[in-house]
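Residues per chain are reported as follows:
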Amino acid sequence: CPPNPSVPLEEYAVDRRLMISWCRRLVSECGFGDEIVHTAVSHADRFMSSPSLYEYAKAHYQLIVITCLYVAIKMDSPSGAPTSSDVSHICRGAYTAEEVDSEELC
């Protein structure tokens, strides 16, 4: 997954690598295919590349990636997808189910 060159953040590349690693571990532990990570990161990259969302995306990058992973899993395996409450639990409460649901609507 090469970084999106239109995102002008040096720290984005570091955070992105960490989030990809976390996503890969999670999908592997849950028995989902690695292609879900590619889909999620692609969606997150597109979101990050929007100039009008730059400040928001910079402040909420982790939530954006987590939500994109949640959506990718729901698209790939609707019957086996976690709930937003499950996602909140997986993230150790860093984000509430309501925050995940709200981000999904963006």
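As a further point, take the overall build of the chain. Scanning the chain from terminus to terminus reveals six helices and zero strands. A separation of at least 24 residues holds for 61% of the contacts in the chain among residues at least 6 apart in sequence. Summing over all exposed atoms, the chain offers an accessible surface of approximately 6100 Å²; the carbon and sulfur share of this is 55%.

Here the focus is unusual backbone geometry. A negative phi angle characterises most non-glycine residues, just as the trans form characterises most peptide bonds. Here the phi dihedral of Arg92 falls at roughly 60°; this positive angle occurs in a residue that is not glycine. Relative to the assigned elements, Arg92 resides in the loop between α5 (84-90) and α6 (97-105). With a relative accessible area of 81%, Arg92 lands in the exposed category.

What follows concerns the side chain of Glu103. Structurally, Glu103 can be placed in helix α6. For the buried Glu103, which has no salt bridge, the nearest side chain bearing the opposite charge is Lys74, at an N-O separation of 13 Å. With residues near it in sequence (within four places) discarded, Glu103 still touches Phe47, Tyr56, Leu63, Ile64 and Thr67.

Rules and cut-offs
- Residues numbered from 1 in each chain as written.
- Predicted model: local features only at pLDDT ≥ 70, side-chain atom pairs only at ≥ 80, totals over all residues.
- Heavy atoms only, no water.
- Helix = DSSP H or I, 4+ residues; strand = E, 2+ residues; numbered from the N terminus.
- Contact = heavy atoms within 4.5 Å.
- Areas by Shrake-Rupley, 256 points an atom, 1.4 Å probe, with all protein chains shown as cover.
- Buried < 20%, exposed > 50% of the residue type's maximum accessible area, 1.4 Å probe, protein only.
- Lys, Arg positive; Asp, Glu negative; His and termini not counted.
- Salt bridge = Lys/Arg side-chain N within 4 Å of Asp/Glu carboxyl O.

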